Structure formats: C-alpha cells, structure tokens
Amino acid sequence: MTAEQAIQALTELESTVTTVCHRARDLQFQLNVSAKFDTGNASLDVVTQADYEVQRGLLELLVDTPLRDCTLYSEEDSPELYLLQKQFTWTNGLSLTIDPVDGTRRFVEGAPYYSTIIGLHDGQRPRYHWLYYPSFNWWLRLTDQVEQSGPTPFVIRLTGAENNIVYSNRPL
C-alpha cells in the first residue's frame, strides 16, 4: 500500500470513524477516570472508558482494511486493546497514530473541546492528519491541502490554558 492509497483509504473511512468517535460524546458524563502516570502528573495524565472504547472501535475498523499493514502507535493500552494492536503487521513502511480522545482533561471536566486524531506518516513526513470534534460534528483534514467540514470555527482561549488553542463552531 502506498501513502496515497492509505490516504484514500483513511479518507473513505472518515464517515464511519465519526460514528465510532460519537461513543466518546455518549460516555462523557458517565466517566470512570483513572490516572496513567505517564507524565508523573496525575491531574494531567488521565484515561477514561471513552478513551478505551473509541480506540477499540478504531482498531476494529482499521484492522479489517489494508491499513493493518502499517506500524501502529496508539495512545491507550489494555489486554483487550493489545490483542487488536498486535494484528497490525508493520510491513508497509507507513505509520498510523491514533489518539482516541485528545484533550481528556477537558473531556473529563465536561467541556466539548476534545477530539479524536488519526495520523499517517510515510517515514519522511506527515501525510495525513484528521481531527474530529464529536461535540461539534466538525473535522479538519491535513494532507497536501487543508480541508474542513462546516464553517471555520472560532478560536478561543480557555482560562488557565494560555498555551492551548481550542476550536469551537460557535462563539462562547
């Protein structure tokens, strides 16, 4: 599979991926939060059932496509996810990255400013990044071009997060 074929496959899967990502939105207010301690800061490094469920859904979707030949870098780990992760063969020279719930801290706080991110790298440069914000049903695709769904979102700054840029499709 070439990088162009992988980009086409990922683009064709986007509408199905949005359905998987909506699982996070459905679970947002029914959370069990755990600390991962990857950063050593429990207040920053959290994981929820939504992280696991969205990642599981994405892996189940991707493993049934030629994308299973990519090297996989996914954020969450569990015995169940490991069984899916080990089905990726790492044979085509392309790398897939998955962050099932980017912005978990904001997600846990009940804010709508979280996304799912899927990326593709060809060993030389990033070739595809897709960010989907389930609360706004808005996506951004970065390839050799920039595409987005819907109107350009407002850029806002959250109190206490001066270094973060957060997108919203409505003024706050």
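Coordinates for the structure precede this section.
Computed from a prediction, not measured in an experiment: that's the story for all the values here. Residue numbering note: each chain is counted from 1, following its sequence as written. For a predicted model such as this one, the threshold for reporting local features is a pLDDT of at least 70, and the threshold for listing and counting side-chain atom pairs is 80 or more; totals across whole chains, interfaces and linings nevertheless cover every residue. Calculation of side-chain values draws on the structure's entire complement of heavy atoms; hydrogens and water are dropped beforehand.

**So, the overall build of the protein**
Helix and strand counts for the protein stand at four helices and 10 strands. In the protein, the succession of helices and strands from N to C terminus is α-β-β-α-β-α-β-α-β-β-β-β-β-β. The buried label goes to any residue with under 20% of its type's maximum accessible area, the exposed label to any with over 50%, and the partly exposed label to all in between, with areas taken from a 1.4 Å probe on protein chains only. When each of the 172 residues of the protein is scored for burial, the buried share is 47%. A separation threshold of at least 6 residues defines the contact pool for the protein, and within that pool the share at least 24 residues apart is 51%. Per-residue and other accessible areas were derived by the Shrake-Rupley procedure at a 1.4 Å probe size, with only the shown protein chains allowed to occlude residues. Surface exposure of the protein reaches about 9,000 Å², of which carbon and sulfur atoms provide 49%. Each helix corresponds to a stretch of at least 4 residues labelled H or I by DSSP, and each strand to a stretch of at least 2 residues labelled E; elements are numbered beginning at the N terminus. What makes two residues a contact is simply this: any of their non-hydrogen atoms within 4.5 Å.

**So, the packing of aromatic side chains**
Between the rings of Phe, Tyr and Trp (Trp by its six-membered ring), a pair exists once the centres lie within 6.5 Å; its type follows the angle of the planes, with under 30 degrees stacked, over 60 edge-to-face, and the other angles tilted. Under the criterion given, the structure shown has five aromatic pairs. Measuring from centroid to centroid gives 5.9 Å for Tyr73 and Trp90, while their planes differ by 55°, and the two rings are tilted. Of this pair, Tyr73 sits in strand β3 (residues 71-74) while Trp90 sits in the loop between α3 (79-85) and β4 (95-102); the two residues are 17 residues apart in sequence, bridging distant segments of the chain. A relative accessible area of 45% means that Tyr73 is categorised as partly exposed.

**Things to note about the environment of Trp139**
Mapped onto the fold, Trp139 is located in strand β7 (residues 138-142). Once the C-alpha coordinates of Trp139 and Thr18 are considered, the two residues, 121 residues apart in sequence, prove to be 9.1 Å apart.

**Concerning the sheet that holds β3**
Pairing between strands is defined by DSSP: at least two bridges between them are needed. As summarised here, the arrangement of the six strands in space is β3-β4-β5-β6-β7-β8, forming an open sheet in which the pairing is mixed. Because the sheet does not close on itself, it has two edges, and the strands there are β3 and β8 (146-148). Averaged over neighbouring strand pairs, the angle between their axes works out to 10° when direction is ignored. In this structure, β3 lies alongside β4, joined through four bridges in parallel fashion. Looking at β4, one finds that Tyr73 is bridged to Thr97. To obtain an axis, a line is fitted to C-alpha atoms, over the contacting stretch when the element is a helix, and the angle between two such axes runs from 0 to 180 degrees between their N-to-C directions.

**What to know about the nonpolar core**
Membership of the largest hydrophobic core comes to 35 residues, with the highest contact counts inside it found for Leu10, Val17, Leu62, Leu67, Leu96, Ile118 and Leu120. Every element with two or more residues in this core is listed here: α1 (3-27), α2 (49-62), α3, β4, β5 (115-121) and β6 (126-133). Sort the elements by how many residues they give to this core and α1 lands first, with 11 residues. Contacts of Leu67, omitting those with residues within four sequence positions, involve Met1, Ala6, Ala9, Leu10, Leu13, Leu62, Phe88 and Leu96. Counting residues in hydrophobic clusters, the runner-up holds eight residues, among them Tyr113, Leu131, Tyr133 and Leu140. Residues belong to a common nonpolar core when they are buried Ala, Val, Leu, Ile, Met, Phe, Trp, Tyr or Cys residues joined through side-chain atoms within 4.5 Å.

**Remarks on α2**
By definition here, a helix of n residues has an expected span of 1.5 Å times n minus one. Taking 1.5 Å of rise per residue, the 14 residues of α2 would be expected to cover 20 Å, and the 20 Å separating its terminal C-alpha atoms lies within 8% of that figure. By the criterion of burial, α2 is predominantly enclosed, with 10 of the 14 residues buried. Listing the buried residues of α2 in full gives Ala50, Asp51, Glu53, Val54, Gln55, Gly57, Leu58, Leu59, Leu61 and Leu62.

**Focus on the pattern of salt bridges**
By definition, a salt bridge exists where a carboxyl oxygen of Asp or Glu is found within 4 Å of a side-chain nitrogen of Lys or Arg. Enumeration over the complete set of coordinates arrives at eight salt bridges. Its salt-bridge partner being Arg141, residue Glu14 comes within 2.5 Å of it at the nearest N-O pair. Taken together, the residues span a long stretch of sequence, with Glu14 in helix α1 and Arg141 in strand β7 at a distance of 127 residues. Each member of the pair Glu14 and Arg141 is classed as buried. Through salt bridges with shared partners, a single network forms among Glu4, Asp122 and Arg127.

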